[in-house]
Amino acid sequence: MKKIIAIITILIFSQSAFAKPMSMIDLLNIPLVNDAQLSPNSEQILFVIRKADWIKNKNMSTIWRSDRDGNNLLQITSGISDATSPRWSPDGKKIAFLSKRGNDEVIQLYVMPADGGEAIRLSNHATNISAPQWSINGEYIYFLASDEKSEEEKNREEIKDDIYKFEQNYQQRHLWKISAADGLESRITEGNFSTNSYTLSQDGQKIIQNRRPSPLLDSAMENEIWITDVDGTDPVQITDNTNPESGAELSPDGKNVLYISWTDENDQPYFEDNLFLISASGGNPKQLLGDFDHDIEEAHWSNDGKNIYFKANLGVHSELFRLNITSGTIEQLTNGKHTVSAWHYNPDSNEHILSIKTAHNNGDFWYLGSGQLEKITSIYDYLDQDFELPEQDTAHWSGADGVTIEGMIIYPNGYEEGKRYPLVVQTHGGPRASDQWGIYSTTSYATVLAANGYVILRPNYRGSVGYGDTFVRDMVGSYFNQSHLDVMTGVDHLIAEGIADGNQMVKMGYSAGGHMTNKIITYTDRFKAASSAAGTVNWISMYSQSDTRVYRTPWFSGTPWQENAPIDTYWDHSPLKDIAKVTTPTLVIVGGADVRVPKQQSVELYRALKSNGVETDLYIVPREQHGWQELRHKLSKMNVEMTWFEKHVRGREFLWENVSE
């Protein structure tokens, strides 16, 4: 640990003399890149950049093109309207993308020349289009779209005769294709089900689909894999179980289907996501990776079907791997103090485009062919040049039961060895997730906290993915079994190392991180301030209030309304049970339109704290669902939290950041 601190000190003093601490607005202005696509001739890439537009009060997406070596970077769509999902035509002469521009009432499909020129709207669909993909011959573009409302439904809405059946007022989502020549649309799937996702086989003759009874999130457990001919005929159901499958792909020889699911080899749920192989005619699936005890995020067949490339979460980092089907040998293709984020694989050329996040880079694109990684873009080089960025590293400690726990530690700007700093403990959402290298989140804003002199601990507590089945399943039947103890032993570790000041500590988190905050403040009074954002306080009421119960049923071993319901388990793990123990001043924040963790949970927490005389404020954020969209709301969250932390931890005022009109 002392050697690491010495290295960090050298790095801090070697930064540019002109660098400045990162502000909240600086953080919100960092562009976000995703969806890179390699051209058919492997000479260029397309990708999407999302940038803050303070006039529109949201991030706007534009499409960019560059040579594979990063030269000739060019923005090819304007910033007037969002443009997303760029896709090369098979001959590389055209680019299809999605946008809602001009008089469009919904998102439509556009096509433009790859070498530049005006985009034309190809579709005239009645509902939003998503997931475009060219046919192998370039004659058609496939896409997904929700069914249009009936004329009767439209007429009733027009006259405000619009009562509806709860969770039955949806439109099914189906697969379509459109002629690239004349824009003529044809339906591929139809029926009382939703096509959640699809892929085309490598020969372009089959469509592999994930179908579910409805588009509702909670129907994911009934998701099944189907295969049809390319025109939608001859449907064959491949899986038939009560577990979610994703990422289904047909092998190049058409004999097997690869997919990802959270089951073990006995089809029992709630394990690390694993790779499975099943016959294209159905049957019993085979778990491919066995002892590879990490969470699989994405997987694709090689062109010859001899290998499967996959991306796996290893805790604080995600990496790319290759599995040889015949030998079962796994080869790791990337490794480092980074996180492989977005990934595009071209099986025809056996090439990869990777977005790689590090402590000082938010995910520039890299190329991987037969040799070493080659950097393509330099979008984030300015971060290290313009800002005093905090150093980060991994930390390891023993949980209460002796199990090794890992987490990320972000040091304050100008860190000095031997000096203790105020500590902010942030717990990630999910909880089936993990904190990794490359932290530039506007929810947690670690760079801003570090610029204000805080050290930040982000523990990958029990229930996080990347550390094996036993680790993630610690929550099965017992949500707060070891998870909150993992957090607190991490706190004690940093205090013992002489890094954190145990008398100046903050607890914060969003979603599952908010659940953890609510638990921690009932468990200990050691924190001077807390912020619970979109957190659950009462698991019994939460079960019916939320739009999903998929994860919560295994957590508590049943529903709260079944015969012989495990009510004691639900209540014992509800922070509300022990809310009378809370003394920590606690800020409560929630999106007003959040259906994942509805505002009723935050209201319950606020009213309980208020009734018990605990200092608290509740902020309800209009229009925001679980993932916030408006820039000023994100800025306000940071401001109100920093004000709360500075008041209760340091006894001083915080000067709000504001955007100049």
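Residues numbered from 1 in each chain as written. Predicted model: local features only at pLDDT ≥ 70, side-chain atom pairs only at ≥ 80, totals over all residues. Heavy atoms only, no water.

**Some words on the overall build of the protein chain**
Note the threshold: In this description a helix means any DSSP run of H or I spanning at least four residues, a strand means any run of E spanning at least two, and both kinds are numbered starting from the N terminus. Computation of the radius of gyration draws on C-alpha atoms alone. For the globule rule, the value is 2.2 Å times the number of residues to the power 0.38. Burial classification: accessible surface area is computed with a 1.4 Å probe over protein chains only, and a residue below 20% of its type maximum counts as buried, one above 50% as exposed, and the rest as partly exposed. What makes two residues a contact is simply this: any of their non-hydrogen atoms within 4.5 Å. In this tally Asp and Glu are treated as negative and Lys and Arg as positive; neither His nor the chain ends contributes. For charged residues, the charge sits on one atom: NZ in Lys, CZ in Arg, CG in Asp, CD in Glu.
The number of helices and strands found in the protein chain is 13 helices and 38 strands. Computed over the C-alpha atoms, the radius of gyration of the protein chain is 25 Å, within 12% of the 26 Å expected from 2.2 N^0.38 for a compact globule of 661 residues. Within the protein chain, the fraction of its 661 residues that count as buried is 56%. Residue pairs at least 24 apart in sequence account for 54% of intrachain contacts in the protein chain once pairs closer than 6 positions are excluded. Charge-centre separation for the protein chain: the mean point of 59 positive side chains lies 4 Å from the mean point of 88 negative side chains.

**Observations regarding the sheet that holds strand β6 (residues 83–88)**
Where we set the bar: Only when DSSP finds a minimum of two bridges between them are two strands counted as paired.
Reading across the sheet, the four strands line up as β6-β7-β8-β9 and stay open at both edges, with antiparallel pairing between neighbours. Two strands in the sheet have a free side with no partner beyond their single neighbour: β6 and β9 (120–121). Bridge analysis of strand β8 (residues 108–113) against β9 gives two bridges, and the strand direction is antiparallel. Pairing of V111 across the sheet is with I120, part of β9.

**Some words on the sheet that holds strand β19 (residues 256–261)**
One open sheet holds the four strands; their spatial order is β18-β19-β20-β21, and the pairing between them is antiparallel. Either end of the sheet is taken by a strand with one partner, and the two such strands are β18 (245–250) and β21 (286–287). Of the strand pairs in this sheet, β19 and strand β20 (residues 274–279) are connected by six bridges, and their pairing is antiparallel. Residue V257 lies in a different strand from β20, and its bridge partner there is I278.

**A look at the confidence of the model for the protein chain**
The cut-off we apply is this: Confidence scores here are pLDDT values: one per residue, from the predictor, ranging 0 to 100.
For the protein chain, the mean per-residue pLDDT works out to 95, and 97% of the residues sit at or above 70. A low-confidence stretch, residues 7–15 (pLDDT under 50), is modelled with 14 contacts involving residues beyond four sequence positions or located in other chains.

**Let's talk about the packing of aromatic side chains**
How two aromatic rings sit relative to each other is given by the distance of their centres and the angle of their planes. The line we're drawing: Any two of the Phe, Tyr and Trp rings considered here, Trp counted by its six-membered ring, make a pair once their centres fall within 6.5 Å; the pair's planes then place it as stacked at under 30 degrees, edge-to-face at over 60, or tilted in between.
According to the stated counting rule, one finds 26 aromatic pairs in the structure shown. Ring geometry for Y479 versus W555: centroids 4.7 Å apart, planes at 70 degrees, classification edge-to-face. Here W555 lies in helix α10 (residues 552–556) and Y479 lies in the loop between α6 (469–472) and α7 (483–496), a separation of 76 residues in the sequence. Here W555 falls in the buried class, since its relative accessible area comes to 2%. Aromatic side chains F556 and Y570 sit 4.4 Å apart centroid to centroid with 35 degrees between the ring planes, which places their arrangement in the tilted category. Of this pair, F556 sits in helix α10 while Y570 is found in helix α11 (residues 567–572), placing the two residues 14 residues apart along the sequence. Y570 shares its class with F556; the two are buried.

**Observations regarding helix α8 (residues 512–523)**
Where we set the bar: To estimate the expected span of a helix, subtract one from its residue number and multiply by 1.5 Å.
With 12 residues, α8 extends 16 Å from end C-alpha to end C-alpha; this agrees with the ideal 16 Å at 1.5 Å per step. Counting buried positions along α8 yields 11 of 12 residues, so the element is predominantly enclosed. Taken together, the buried positions of α8 are occupied by A512, G513, G514, H515, M516, T517, N518, K519, I520, I521 and T522.

**Topic: the layout of surface pockets**
For the record, the criterion: In the cavity and pocket records, a cavity denotes points on a 1 Å grid over the protein atoms alone where a 1.4 Å probe fits but cannot get out, a pocket denotes an open set with protein on both sides within 12 Å along at least 5 of 7 lines, and lining residues are residues with an atom within 4 Å of a point. Grid points are joined across faces, edges and corners, and a volume is the space filled by probe spheres set on the points. Polar here means any residue other than Ala, Val, Leu, Ile, Met, Phe, Trp, Tyr, Cys and Pro, which are nonpolar, and Asp, Glu, Lys and Arg, which are charged; Gly is therefore polar.
Its volume calculated, the second largest pocket comes out at about 1700 Å³. Those elements that place two or more of their residues in the lining of the second largest pocket are β2 (32–38), β6, β10 (129–134), β14 (194–200), β15 (206–212), β18, β22 (295–301) and β26 (339–346). Its residues assigned to classes, the lining of the second largest pocket comprises 23 nonpolar, 18 polar and six charged.

**Some thoughts on empty space enclosed by the protein**
One pass over the full model with this rule turns up one cavity of 30 Å³ or more. Roughly 40 Å³ of volume is contained in the largest cavity. If you go around the largest cavity, the residues you meet are A359, P390, Q392, I410, I439, Y440, A446 and T447. When grouped by side-chain class, the residues that make up the lining of the largest cavity number six nonpolar, two polar and no charged.

**Regarding unusual backbone geometry**
For the bond running from G430 to P431, omega is 5 degrees, close enough to zero to count as cis. Tracing the backbone through its elements, the reader meets P431 in the loop between β33 (421–427) and α5 (446–451). With phi around 55 degrees, D35 is a residue other than glycine that occupies positive phi space. Among the secondary structure elements, D35 is positioned in strand β2. Note on D35: relative accessible area 21%, which makes it partly exposed. Not every positive phi belongs to a glycine, and N72 is a case in point at roughly 55 degrees. Inspection of the secondary structure assignment puts N72 in the loop between β4 (58–67) and β5 (74–75).

**A word on the side chain of T489**
Considering the arrangement of structural elements, one finds T489 in helix α7. Discounting residues that sit within four places of it in the chain, T489 has contacts with W397, S398, G399 and A400.

**Topic: the pairing of β10**
Note that β10 and strand β11 (residues 140–146) share four bridges and pair antiparallel. The residue bridging I129 from the neighbouring strand is A145, located in β11. Between β10 and the antiparallel strand that follows it, β11, lie five residues; G138 among them carries a positive phi value of about 80 degrees.

**Thoughts on the pattern of salt bridges**
As a reminder of what qualifies: In what follows, salt bridge is the name for a side-chain nitrogen of Lys or Arg lying within 4 Å of a carboxyl oxygen of Asp or Glu.
With the rule as written, the count across this model stands at 30 salt bridges. A salt bridge links E151 to K154; the shortest N-O distance between them is 3.6 Å. Placement of the pair is E151 and K154 together in helix α3 (residues 151–158), with a separation of three residues, close to one helical turn. According to the relative accessible area criterion, K154 is partly exposed, its value standing at 29%. Salt bridges sharing common partners tie together E148, E151 and K154.

**A closer look at the environment of D474**
Residue placement: D474 occurs in the loop between α6 and α7. Overall, D474 belongs to the buried group, its relative accessible area being 15%. Once the C-alpha coordinates of D474 and R462 are considered, the two residues, 12 residues apart in sequence, prove to be 6.1 Å apart. In this view, D474 contacts R462, N481, Q482 and S483; residues no more than four positions away in its chain are not counted.

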